[in-house]
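Take a look at the letters that make up each chain.
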Amino acid sequence: MASARQLPAAGRTDAKISERTQIVAAGRLEGKLAFVTGGASGVGAAIARAFVAEGAEAIIADIDRAAGEALAGELGRARFVPLDVTSEQNWQDALAPFERIDVLVNNAGITTLGSIEEVTLDQFRHELDIDVLGVFLGTQTALPKMKAHGGSIINMSSLSGVRASANLVAYNAAKAAVTLMTKSCALHFAEKGYPVRCNSIHPGAIHTPIIDKVLAQSDDPDALYRSFVKVHPVGRLGRPEEIAAMAVYLASDESAFTTGAEFRVDGGASI
Ligand SMILES: NC(=O)c1ccc[n+]([C@@H]2O[C@H](COP(=O)([O-])OP(=O)(O)OC[C@H]3O[C@@H](n4cnc5c(N)ncnc54)[C@H](O)[C@@H]3O)[C@@H](O)[C@H]2O)c1
């Protein structure tokens, strides 16, 4: 297997863009309690960071205790909660201390590489357990804590939830399920008159550890990296902060009339 060492490190791809996309904190989430799954790394960590910068308290929920606690300590107005999103009991325990939750970001996810001829049943089940069942359990458990006073549920789907790749059969199935589960929940909440909104974000390739893990599974990581860049008309991968900026909008009251919608943050890849 070729080495991925020459590839840019996660989060260090585009210094110039980074300078142009600093989040300007304006208290847009003041007073909100936000629960972010997979908040210890990558996109989830960037979301937790942006939420705190905008005045929210962030609950970082993850299986990675060390990274989650370190980030919570660094952010200050944040707490780490251990959570495996595939466990119903874990969800009950994690949410029990909170009387109300304003924002739930169902972000935890994995990416299984492989075509229909390559992915095993166990791999397929594992992908769906985390990326689909996790969103189902999170939404079901958090809803009673949002229903009365209002809330925003943000599901992390993907470009792969709207566009297929031959070597992503499990991930495509999982993220497409999240896309439609989001809309079903949004409709149900609206029909019931719950002041709860549910939207999905569809990132293109964002340079985070998940991308590094996918590259590490490949026989030719350099070629795979170039192919990731190529699908984005803007000619680069995205940055976690660029997804966090969309999550801030969806978490805030600015998006009060927005539900059941797909937000593609993908450098034009889905055009
Ligand atoms: N990075 C991308 O290019 C990209 C593109 C589109 C969508 N996404 C989606 O964004 C989300 C975050 O991806 P990322 O790139 O930040 O990945 P990442 O690997 O950097 O972070 C994922 C986090 O989820 C946690 N996690 C994994 N399994 C878990 C479980 N069972 N319970 C609780 N936490 C668990 C991990 O510990 C990690 O902290 C995922 O849903 C992913 O599918 C990522």
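Residues numbered from 1 in each chain as written. Predicted model: local features only at pLDDT ≥ 70, side-chain atom pairs only at ≥ 80, totals over all residues. Heavy atoms only, no water.

A. Focus on the site of the ligand. Not every one of the 29 residues close to the ligand is listed here, only the nearest: Ser 41, Asp 62, Tyr 171, Ile 206 and Thr 208. A distance of 3.4 Å separates a nitrogen atom of the ligand from a polar atom in the backbone of Leu 83. Burial of the ligand by the protein chains amounts to 95% of its free accessible area of 830 Å². Broken down by secondary-structure element, the contributors of at least two residues to the shell around the ligand are helix 2 (42-53), helix 6 (169-192) and helix 7 (209-217). By residue number, the principal contributor to the shell around the ligand is helix 7, which donates four residues. Grouping the amino acids of the shell around the ligand by side-chain chemistry returns 15 nonpolar, nine polar and five charged. (Near = heavy atom within 4 Å. Polar contact = N/O pair within 3.5 Å; in protein donor to acceptor, adjacent residues only side chain to side chain. Areas by Shrake-Rupley, 256 points an atom, 1.4 Å probe, with all protein chains shown as cover. Helix = DSSP H or I, 4+ residues; strand = E, 2+ residues; numbered from the N terminus. Nonpolar A, V, L, I, M, F, W, Y, C, P; charged D, E, K, R; others polar.)

B. Representation of helix 9 (residues 240-251). Taking 1.5 Å of rise per residue, 12 residues should cover 16 Å, and helix 9 covers 16 Å from first to last C-alpha, within 8% of that figure. All of the buried residues in helix 9 are Pro 240, Glu 242, Ile 243, Ala 244, Ala 247, Val 248, Leu 250 and Ala 251. (Expected span 1.5 Å × (residues − 1). Buried < 20%, exposed > 50% of the residue type's maximum accessible area, 1.4 Å probe, protein only.)

C. How the structure looks around the packing of helix 4 (residues 88-95) against helix 5 (residues 121-142). At a closest axis distance of 10 Å, the pairing of helix 4 and helix 5 adopts a crossing angle of 40 degrees. The orientation of helix 4 relative to helix 5 falls into the category oblique. For the pair helix 4 and helix 5, the crossing hand works out as right-handed. Two secondary-structure elements touch here, helix 4 through Glu 88, Trp 91, Gln 92 and Leu 95 and helix 5 through Gly 134, Leu 137, Gly 138, Thr 141 and Ala 142. (Axes fitted to C-alpha atoms, helices over the stretch in contact; angles between N-to-C directions. Parallel < 35°, antiparallel > 145°, perpendicular 65-115°, else oblique. Left-handed = near helix turned anticlockwise from the far one by under 90°. Contact = heavy atoms within 4.5 Å.)

D. Spotlight on the pairing of strand 5 (residues 151-156). Of all six residues making up strand 5, six are buried, and the element is well covered by its neighbours. Neither face of strand 5 is open: one carries Gly 151, Ile 153 and Asn 155, the other Ser 152, Ile 154 and Met 156, and all of them are buried. By the bridge criterion, four bridges tie strand 4 (residues 103-106) to strand 5 in an arrangement that is parallel. Of the residues in strand 5, the one forming a bridge with Leu 104 is Ile 153. As a crossover connection, the stretch from strand 4 through helix 5 into strand 5 is right-handed. Strand direction decides the pairing type here: strand 5 and strand 6 (residues 196-203), joined by six bridges, are parallel. Within strand 6, the position partnered with Gly 151 by the bridge is Val 196. Of the crossover connections in this fold, the one passing from strand 5 over helix 6 to the parallel strand 6 is right-handed. (Pairing = 2+ DSSP bridges. Right-handed = clockwise from strand over helix to strand, strands pointing away.)

Keep in mind these values describe shape, not function.
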